[in-house]
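These are the residues of each chain, in order.
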Protein chains: 2
Amino acid sequence: MKKNCIIAQSGGPTPAINASLAGVVKGLLDSGNFGEIYGSLRGITGTLKEDFISLSDLVKNDDSFLSRLYLTPAMYLGSCRHKLPDYNTDFGDYERLFKIFERNNIGAFFYIGGNDSMDTAAKLAEYGKKIGSDICFAGIPKTIDNDLVLTDHTPGYGSAAKFIATSMLEMAHDTYIYGIPSVTIVEIMGRDAGWLTAASVLARNEYNETPQLIYLPEVAFDEERFINDVNEKLSTHKNLIVAVSEGIRDKEGNYIAATKAKADKFGHAQLSGAGKVLEHVVKINIGVKCRSVELNIPQRCAGHISSKADLDEAMLLGYEAVKHVENGRSGFMTAIKRTSDNPYTYNIEAVDVSQVANAAKSVPLDWISPSGNDVTEEMIAYIKPLIQGEVALTYKDGLPEYLNISHLV
Amino acid sequence: MKKNCIIAQSGGPTPAINASLAGVVKGLLDSGNFGEIYGSLRGITGTLKEDFISLSDLVKNDDSFLSRLYLTPAMYLGSCRHKLPDYNTDFGDYERLFKIFERNNIGAFFYIGGNDSMDTAAKLAEYGKKIGSDICFAGIPKTIDNDLVLTDHTPGYGSAAKFIATSMLEMAHDTYIYGIPSVTIVEIMGRDAGWLTAASVLARNEYNETPQLIYLPEVAFDEERFINDVNEKLSTHKNLIVAVSEGIRDKEGNYIAATKAKADKFGHAQLSGAGKVLEHVVKINIGVKCRSVELNIPQRCAGHISSKADLDEAMLLGYEAVKHVENGRSGFMTAIKRTSDNPYTYNIEAVDVSQVANAAKSVPLDWISPSGNDVTEEMIAYIKPLIQGEVALTYKDGLPEYLNISHLV
């Protein structure tokens, strides 16, 4: 009797995580060595409750299911933020899960997510090994933050980067129309790593120099230096766009957003992100027209402007995970190993998932300009291949035709 | 000797205003009765300085100029916010302009813009008539706000509406992934009219009921009622999305944003838009997970998700303006007269531009639900045709290939 499989998704949404789900499903179907494919609703919490849907049936009943799943943003299976405890001291969840795996004749469990999810995959693989289970546990990376170690980059990052760069270019068109000096501060996601903010650099082209300034959380933010930077750029550029990470901190490690919010002692921390604070700084200290824009949630769900390169890689990372499982491997994460920037080439490999769990990758300091207000050519060469290609999205009534997610509503 | 023409753009940017510019240029070229086509840089202020570029040359030198212009967001010619004075008391600008028109052998002046720009077109036409000039002055409407009178809707609105509805649908996918109750407040542009916020309703489909609540500035906003609305919807829906206009006001006419900002006496008005204020209200009064998103500038420049219906109409409004000018008409604005919702049909007509100038059109109160927190089927039937169709944008290095605007930099 063929073994069944469970696939689950966890962490924050991306436009590419469902492409990885489609990749795993396609891998399992192409292999022919597996039975039922279950989708666990809302990550590992759904598995604990045996809250499954049959992905096998969905594919059987709808020829277009996988191709539409590939294009649908956020998590088709829902998500959770549930961390498994240490099995040495608290093994209740593990006993329960392995009973459920046994009852459902599970041979493999695929977890698509970020480093918290990789922690879950690692713990399950270790516990499974400890109790002599032959179930394979596989991790498939995703996060728009691009902060996972042991992989060149993470699926979801390229699509978020394409959205950010496109929006920055379009805002440049918006900005240039008036003949008066202006500063536009654009706040971009990334609390601890500057990968997403760095992607704004791709908006520069033969006619557009914006964003002229880019601030990442990897370098301590200095307000005086920022004011000087803006003044200096304004002396040669009429319209400035400044890309700033939500997570910029001063040299004491205090978030710029929080510092300023605390200062007014009214508990308005929720009212002032880094962009708003810097807008205020520019108005007070420079007195030029200034506005701030927070790109916000659309960065992680704008499926209509997904990067084809990104979705294809996401799918492949899921597909290849099945092959490793077929070879009996457990406790791994599929990863991208870049072999060349231009032409862009890469291999998919498997890395030890326990080494990915709970680790985080920052932007290398030598990819940030010495002045701390821009990124280098190495950074551009790194990001550029990841936003290439557009997806063939269909539209219905003028809107993207995504998969029905009423099972989550 | 054929007469030359000037085309100018003014007001705030839209993804469709360059399609109107392309339409005027194409109309003039197809007619064959006109000489040089000048683009006045930064609206009427460019004309006052004879700051022209030759659109004729740009078309001659680049076969793809018009098709790419059609797709490029914001103003290819730049913009201004310059209002002409009353010519009865201050005619300096007028004398100067008509001298410039004469010197450049101008036969027609086309102004693409909102109601301030229509004021300029109207005044120039009246002054021209007064001094016996035979120059024709034409207005072509644009504004994402959709608040011009005497036209069914305005170019730019459909594309902004498509961006808003698409983003709302994608944020619904983002919102549904967690199993915990949440409220997402989305602040949408429109200080005085709720047309853009109303467009969020199009995100609803067979699986998505969000936004469950929609608040427009046409109805006085009541905080108590809002809290009740949210509580009531939360009793039947786990994840709420609330669409709210930036311009909502209480029954005394005070902006919700400003009221709250004033309350803390720290001059932080710039820190709190309506969305942030309502986020705070929900957190304090309901205690559920809440976040706010301001769609901000991308609403008016996201050319990558333009509505084809919108760009086509924008182009046609420009094209048809030339025909009226050829018939010697001056002091008009081309306008859309809808003849049917479904199938959607319309005619282009010419209306008196002086009647459009400085007037504004609000959402009819009977298109807002009696509860004041939603819009009606009539509203949906009105907006739906305007977001139909996608544009065939080309991409270069992974980003939309817009026209080079280095002449504005």
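Residues numbered from 1 in each chain as written. Chains lettered and ligands numbered in written order. Predicted model: local features only at pLDDT ≥ 70, side-chain atom pairs only at ≥ 80, totals over all residues.

Here's the deal with the overall build of chain A
- Looking only at helices and strands, chain A features 15 helices and 13 strands.
- Taking 22 Å as the expected radius of gyration for a compact globule of 409 residues, we find that chain A reaches 23 Å, a close match to that expectation.
- Considering only C-alpha atoms, chain A reaches an extent of 75 × 50 × 40 Å along its principal axes.
- Going through the 409 residues of chain A one by one, you find that 57% of them count as buried.
- Of all intrachain contacts in chain A linking residues separated by at least 6 positions in sequence, the fraction that spans at least 24 positions is 76%. (Helix = DSSP H or I, 4+ residues; strand = E, 2+ residues; numbered from the N terminus. Rg over C-alpha atoms; globule rule 2.2 N^0.38 Å. Buried ≥ 20, exposed ≤ 12 C-beta atoms within 10 Å, placed from the backbone. Contact = placed C-beta atoms within 7 Å.)

A few points about the sheet that holds strand 7 (residues 213-215) of chain B
All names here are of chain B.
- Spatial strand order, 7-8-6-9: four strands in an open sheet with parallel pairing. Both outer strands of the open sheet, strand 7 and strand 9 (289-294), are each paired with one neighbouring strand and no more. Each strand of the sheet is rotated relative to its neighbour by a mean of 15°, with strand direction disregarded.
- Sheet analysis places strand 6 (residues 182-188) next to strand 8 (residues 239-245), joined by seven bridges and oriented parallel. Bridge pairing in strand 8 links Ser182 to Asn239. (Pairing = 2+ DSSP bridges. Axes fitted to C-alpha atoms, helices over the stretch in contact; angles between N-to-C directions.)

Quick look at unusual backbone geometry
- Here the bond from Asn342(A) into Pro343(A) is cis, since omega is 5°, no more than 30 degrees from zero.
- Locating Pro343(A) in the fold gives a position in the loop between strand 10 (332-340) and strand 11 (345-352).
- Note the cis peptide between Thr210(B) and Pro211(B), where omega equals -5°.
- Tracing the sequence through the fold places Pro211(B) in the loop between helix 8 (195-198) and strand 7.
- Look at Arg42(A): it is not a glycine, yet its phi comes out positive at around 60°.
- As for its placement among the helices and strands, Arg42(A) is situated in the loop between strand 2 (34-40) and helix 2 (43-48).
- On the neighbour-count criterion, Arg42(A) (25 C-beta atoms within 10 Å) is buried.
- Phi at Ala74(A) is positive, roughly 65°, even though this residue is not glycine.

Comments concerning the interface of chain A and chain B
- Contacts between chain A and chain B engage 58 residues on the former and 58 residues on the latter.
- The set of elements that each furnish at least two residues to the side of chain A that touches chain B consists of helix 7 (157-175), helix 11 (274-285), strand 9 (289-294), helix 12 (298-301) and strand 13 (399-400) of chain A.
- Element by element, the count of residues in the side of chain A that touches chain B is highest for helix 7 of chain A, at nine residues.
- Here the residues of the side of chain A that touches chain B sort into 28 nonpolar, 17 polar and 13 charged. (Nonpolar A, V, L, I, M, F, W, Y, C, P; charged D, E, K, R; others polar.)

Things to note about helix 11 (residues 274-285) of chain B
Residues and elements named next belong to chain B.
- The end-to-end C-alpha separation of helix 11 is 16 Å, in line with the 16 Å expected for twelve residues at 1.5 Å each.
- Those residues of helix 11 that fall on the buried side of the exposure criterion are Ala274, Gly275, Lys276, Val277, Leu278, Glu279 and Val282.
- Among the residues trailing helix 11, Gly287 stands out with phi positive, at a value near 75°. (Expected span 1.5 Å × (residues − 1).)

Concerning the sheet that holds strand 11 of chain A
Residue and element names in this part refer to chain A.
- Read from one edge of the open sheet, seven strands run 3-2-1-4-5-10-11, paired in mixed fashion. Either end of the sheet is taken by a strand with one partner, and the two such strands are strand 3 (52-54) and strand 11. Going across the sheet, the axis of each strand differs from the next one's by a mean of 30°, ignoring polarity.
- Where strand 5 (residues 136-141) lies against strand 10, two bridges are found, and the strand directions are parallel.

Quick look at the confidence of the model for chain A
Residue and element names in this part refer to chain A.
- In the predicted model, chain A carries a mean pLDDT of 95, and the fraction of residues at 70 or more is 97%.
- Residue range residues 260-270 is modelled with pLDDT below 50. Its contacts to residues more than four positions away, or to other chains, number 13 contacts.
- This complex was scored by the predictor with a pTM of 0.97 and an ipTM of 0.96. (pLDDT = per-residue confidence, 0-100.)

Things to note about the pairing of strand 5 (residues 136-141) of chain B
All names here are of chain B.
- Of all six residues that make up strand 5, six are buried, and the element is covered over most of its length.
- Alternating residues of strand 5 divide into Cys136, Ala138 and Ile140 and Phe137, Gly139 and Pro141, and every residue in both groups is buried.
- In this structure, strand 4 (residues 106-113) lies alongside strand 5, joined through six bridges in parallel fashion. Each bridged residue has a counterpart across the sheet, and for Phe109 the counterpart in strand 5 is Phe137.
- Running through helix 6 (residues 115-130), the crossover from strand 4 to the neighbouring parallel element strand 5 is right-handed. (Right-handed = clockwise from strand over helix to strand, strands pointing away.)

Some remarks on the environment of Thr175(A)
- Tracing the backbone shows Thr175(A) in helix 7.
- The contact partners of Thr175(A), leaving out residues within four places of it in the chain, are Ser182(A), Thr184(A), Thr210(A), Asn239(A) and Ile241(A).

A look at the packing of helix 1 (residues 17-31) of chain B against helix 13 (residues 308-326) of chain B
All names here are of chain B.
- Viewed as axis vectors pointing N to C, helix 1 and helix 13 meet at an angle of 40°, and their least axial separation amounts to 7 Å. If you check the angle between helix 1 and helix 13, you find them oblique. When you trace helix 1 past helix 13, the crossing you get is right-handed. When helix 1 is examined against helix 13, the residues Ala19, Ser20, Leu21, Ala22, Gly23, Val24, Lys26, Gly27, Leu28 and Ser31 are found in contact with a partner set consisting of Leu311, Ala314, Met315, Leu316, Leu317, Gly318, Tyr319, Ala321, Val322, Lys323 and Glu326. (Parallel < 35°, antiparallel > 145°, perpendicular 65-115°, else oblique. Left-handed = near helix turned anticlockwise from the far one by under 90°.)

Observations concerning the relation of the copies chain A and chain B
- In the superposition of chain A on chain B (RMSD 0.0 Å, axial shift 0.0 Å), the rotation amounts to 180°. Accordingly, the operation relating the two chain copies is best matched by a two-fold axis.
- An overlap of 100% is found between the interface residues of chain A and their copies at the interface of chain B, pointing to a shared contact surface. (Least-squares fit on C-alpha atoms with pLDDT ≥ 70 in both.)

Let's talk about helix 7 of chain A
- Along its 19 residues, helix 7 of chain A runs 26 Å from first to last C-alpha, staying within 8% of the 27 Å computed at 1.5 Å per residue.
- Of all 19 residues in helix 7 of chain A, 19 are buried; the element is thus mostly enclosed.

Focus on the nonpolar core
- Ranked by internal contacts, the top residues of the largest apolar core, which has 266 residues, are Phe110(A), Ala161(A), Val186(A), Phe110(B), Ala161(B) and Val186(B).
- Not counting chain neighbours up to four residues away, the residues in contact with Phe110(B) comprise Cys5(B), Ile7(B), Val24(B), Ala138(B), Ile140(B) and Ala321(B). (Core = buried A, V, L, I, M, F, W, Y, C linked by C-beta atoms within 7 Å.)

Description of the pairing of strand 8 (residues 239-245) of chain A
Residues and elements named next belong to chain A.
- For strand 8, the tally of buried residues reaches seven of seven residues, placing the bulk of the element in the interior.
- Here strand 8 shows no split at all, with Asn239, Ile241, Ala243 and Ser245 on one side and Leu240, Val242 and Val244 on the other all buried.
- Of the strand pairs in this sheet, strand 7 (residues 213-215) and strand 8 are connected by three bridges, and their pairing is parallel. Looking at strand 8, one finds that Leu213 is bridged to Val242.
- Each parallel crossover has a hand, and for strand 7 linked through helix 9 (residues 223-234) to strand 8 it is right-handed.

Looking at the packing of helix 9 (residues 223-234) of chain B against helix 11 of chain B
Residue and element names in this part refer to chain B.
- Contact pair helix 9 / helix 11: the axes reach a minimum separation of 11 Å and the direction vectors enclose 65°. One element, helix 9, and the other, helix 11, form an angle in the roughly perpendicular class. Like other packed secondary-structure pairs, helix 9 and helix 11 cross with a definite hand, here right-handed. Residue-level contacts link Glu223, Phe226, Ile227 and Val230 of helix 9 to Val281, Val282 and Asn285 of helix 11.
- When its residues are assigned to classes, the contact of helix 9 with helix 11 shows five nonpolar, one polar and one charged.

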